[in-house]
Amino acid sequence: MNAIENSPLTRKLSVFVALSENELTVLERLHQRRKTFSAGIDLVHQGQSDQAAFVLADGWVCSYKIQGDGSRQIVDFQIPGDFLGLRSVLLHMSDHNIVPIVDIEAAEILVTDLLDAFSTTPRLATAILWAASRDEAMVVEHLVGLGKRDAEARVAHFFLELGVRLALVGMGSQAGFACPLTQYHLADALGLSAVHVNRVLRKLREEGLVTFRDGQVSFENYDGLVALAEFDPEYLGHTGPLLS
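What this report covers is the structure whose coordinates are included nearby. All values reported here derive from a predicted model rather than from experimental measurement. (Residues numbered from 1 in each chain as written. Predicted model: local features only at pLDDT ≥ 70, side-chain atom pairs only at ≥ 80, totals over all residues. Heavy atoms only, no water.)

## With respect to the pairing of strand S4 (residues 72-78)
Item 1. Pairing geometry for strand S3 (residues 61-66) and S4, over six bridges, is antiparallel. In the strand pairing of S4, Val61 is matched with Gln78.
Item 2. Between the antiparallel neighbours S3 and S4 lie five residues, among them Gly70 with a positive phi of about 90°. (Pairing = 2+ DSSP bridges. Helix = DSSP H or I, 4+ residues; strand = E, 2+ residues; numbered from the N terminus.)

Here it is as structure tokens:
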């Protein structure tokens with residue numbers, strides 16, 4: 001059971017609920033149909049129906065929508081331990097595209113798998129509902145950022161949120177984290193041009209706050225970056241186990 005106990009999804013759900021042996025066994029079954037997917041090829045298409053959900057085991061993914069003018073708006077980035085397409089399974093229709101940023105490994109989950117897991121382990125179902133609610137809270141926070149934060153605070157908040165999320169699954173810390181994103185990804189997610197993102201990154205680096213270079217985010221002054229972004233991680237729900 002050690003592999004599933006140390007999986008990113010288990011680490012994340014364990015923030016909310018102390019998982020029992022039975023619940024870990026159910027989680028292990030949900031990880032059985034593992035597949036690999038190549039970077040740049042859509043895993044889910046907007047408008048697609050009868051779609052299976054996935055749990056991301058390794059790699060990074062982004063969810064996005066194509067606007068009428070052909071531009072891309074990235075809605076969110078998914079990291080190991082996140083569900084992919086969960087809402088589209090329950091609603092029988094995907095309202096966005098999902099594409100791997102790097103080659104990924106993900107476990108396919110059919111709606112029958114979810115229903116069986118929910119019926120046999122209701123506490124696990126509650127934990128998954130918590131994870132979905134947390135994802136919704138992040139989308140709300142992103143909307144606030146687009147509407148109210150200036151470019152520097154927007155980029156700072158983005159890196160801090162990613163850092164907290166990655167730390168939860170053992171992939172980041174207050175020192176920084178590995179990050180495969182490009183400045184174009186940041187631009188499409190933050191409502192900025194790539195040129196503007198480049199200027200902001202240079203300014204944050206020159207101010208000794210954070211450096212993003214060669215696939216690595218390094219926090220040079222974590223507290224200073226938190227102050228700039230007015231970052232409060234409470235919306236991420238990282239307050240320790242809520243259920244025993």
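## Some points on the nonpolar core
Across soluble globular proteins, nonpolar side chains have a tendency to be buried as a group.
Item 1. Membership of the largest hydrophobic core comes to 42 residues, with the highest contact counts inside it found for Trp60, Phe159, Phe177, Leu181 and Phe219.
Item 2. The set of elements that each furnish at least two residues to this core consists of S3, S4, helix H7 (151-168), helix H8 (183-190), helix H9 (194-206), strand S10 (210-213), strand S11 (216-219) and helix H10 (222-229).
Item 3. With nine residues, H7 is the single largest residue contributor to this core.
Item 4. Ignoring any residue separated from it by four or fewer positions in sequence, one finds Phe177 in contact with Trp60, Phe159, Leu162, Gly163, Leu166, Met171, Gly172, Gly215, Gln216, Val217 and Phe219. (Core = buried A, V, L, I, M, F, W, Y, C linked by side-chain atoms within 4.5 Å. Buried < 20%, exposed > 50% of the residue type's maximum accessible area, 1.4 Å probe, protein only. Contact = heavy atoms within 4.5 Å.)

## Regarding the sheet that holds S10
Item 1. Pairing in this open sheet of four strands is antiparallel, and the strands run S8-S9-S11-S10 from one edge to the other. The two strands at the open ends of the sheet, each matched to only one other strand, are strand S8 (172-173) and S10.
Item 2. Note: S8 against strand S9 (residues 176-178), two bridges, orientation antiparallel. Paired with Gly172 across the strands is Phe177, a residue of S9.

## Let's talk about a positive patch on the surface
Item 1. Together, Arg199, Arg202, Arg205 and Arg213 line one region of the surface with positive charge.
Item 2. Among the elements that make up the positive patch, the one with the highest residue count is H9 (three residues).
Item 3. For Arg199, the location among the structural elements is in helix H9.
Item 4. When its relative accessible area of 44% is taken as the criterion, Arg199 is described as partly exposed. (Patch = residues over 30% accessible without salt bridge, like charges linked within 9 Å, V, L, I, M, F, W, Y side chains within 5 Å. Areas by Shrake-Rupley, 256 points an atom, 1.4 Å probe, with all protein chains shown as cover. Salt bridge = Lys/Arg side-chain N within 4 Å of Asp/Glu carboxyl O. Lys, Arg positive; Asp, Glu negative; His and termini not counted. Charge placed at Lys NZ, Arg CZ, Asp CG, Glu CD.)

## Points about a nonpolar patch on the surface
Item 1. A surface patch of nonpolar side chains, amounting to about 300 Å² of accessible area, comprises Val75, Val139, Leu143 and Leu146.
Item 2. Among the elements that take part in the nonpolar patch, helix H6 (residues 122-148) stands out by supplying three residues, more than any other.
Item 3. Topologically, Leu143 is positioned in helix H6.

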